[in-house]
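# Observations on the three-dimensional arrangement
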Amino acid sequence: MLYYNTNLGAICALRARDGFIKWLALYERDKGSDWNNPAAHYYRDLAPCVYDRGRVFAAPADSRQILALDAETGLVLWETSHAAEASQLLGVTGEHLIAAGDKVWWFQVEGGKLDCVWPPPGS
């Protein structure tokens, strides 16, 4: 299965052998940006989905959200805007999804709770 983040309001699961669309999940796109001073998430470059133990994580460029979806159904498990400045999803280690940009964020893969930010605020 291939998991594809379109950066145009949809994430999908495609069967690798023939391109059959298994599921398509829509998310809310950010429409209120000032193009003279765009929000940080618009600078997310190619941000492929990250798969881990039945979950798919995505950080679309057209959304402030980082999303976790069920890999079988496409159901959104959780979403967070705590790391709207994150430009990359680095991977999953143990029980954390790690996102990076000017900072590094550790999110619990179960529920999406933000556990840590480095460097800490105010430093």
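Residues numbered from 1 in each chain as written. Predicted model: local features only at pLDDT ≥ 70, side-chain atom pairs only at ≥ 80, totals over all residues. Heavy atoms only, no water.

Looking along the chain, the bond that leaves Trp118 and enters Pro119 is cis, with omega of -5 degrees. Relative to the assigned elements, Pro119 resides in the segment after strand 11 (114–118). Even without being a glycine, Asn7 presents a positive backbone phi close to 60 degrees. Topologically, Asn7 is positioned in the loop between strand 1 (2–5) and strand 2 (10–14). Located in the positive-phi region is Arg53, a residue other than glycine, with phi close to 45 degrees. Among the secondary structure elements, Arg53 is positioned in the loop between strand 4 (50–52) and strand 5 (55–58). Judged by its relative accessible area of 47%, Arg53 is partly exposed. (Helix = DSSP H or I, 4+ residues; strand = E, 2+ residues; numbered from the N terminus. Buried < 20%, exposed > 50% of the residue type's maximum accessible area, 1.4 Å probe, protein only.)

This next bit is on the nonpolar core. Across soluble globular proteins, nonpolar side chains have a tendency to be buried as a group. Residues Phe57, Ile66, Leu89, Leu97, Ala99, Trp105 and Phe107 are the most contacted members of the largest nonpolar core, which totals 15 residues. Listing elements by their share of this core, those giving two or more residues are strand 6 (66–70), strand 9 (96–100) and strand 10 (104–108). Ile11, Tyr27, Val56 and Ala58 belong to the second-largest nonpolar core, a separate cluster that totals 11 residues. (Core = buried A, V, L, I, M, F, W, Y, C linked by side-chain atoms within 4.5 Å.)

With that settled, consider the sheet that holds strand 8 (residues 88–93). In space, the four strands of this open sheet follow the order 8-9-10-11, with antiparallel pairing throughout. Looking along the sheet, the strands with just one partner apiece sit at the ends: strand 8 and strand 11. Here the average twist between neighbouring strands, direction ignored, is 20 degrees. Bridge count for strand 10 against strand 11 is four bridges, and the pairing is antiparallel. Among the inter-strand pairings, Trp105 is bridged to a residue of strand 11, identified as Val117. (Pairing = 2+ DSSP bridges. Axes fitted to C-alpha atoms, helices over the stretch in contact; angles between N-to-C directions.)

Turning our eyes to something else, we now look at the pattern of salt bridges. Evaluation of the coordinates by the stated rule reveals eight salt bridges. Between Asp18 and Arg15 there is a salt bridge, with the nearest N and O atoms lying 2.8 Å from each other. In this structure, Asp52 and Arg53 form a salt bridge, with 2.8 Å as the shortest nitrogen-oxygen distance. With a relative accessible area of 15%, Asp52 lands in the buried category. If you follow the salt bridges from partner to partner, you end up with Asp52, Arg53 and Glu95 in one network. (Salt bridge = Lys/Arg side-chain N within 4 Å of Asp/Glu carboxyl O.)

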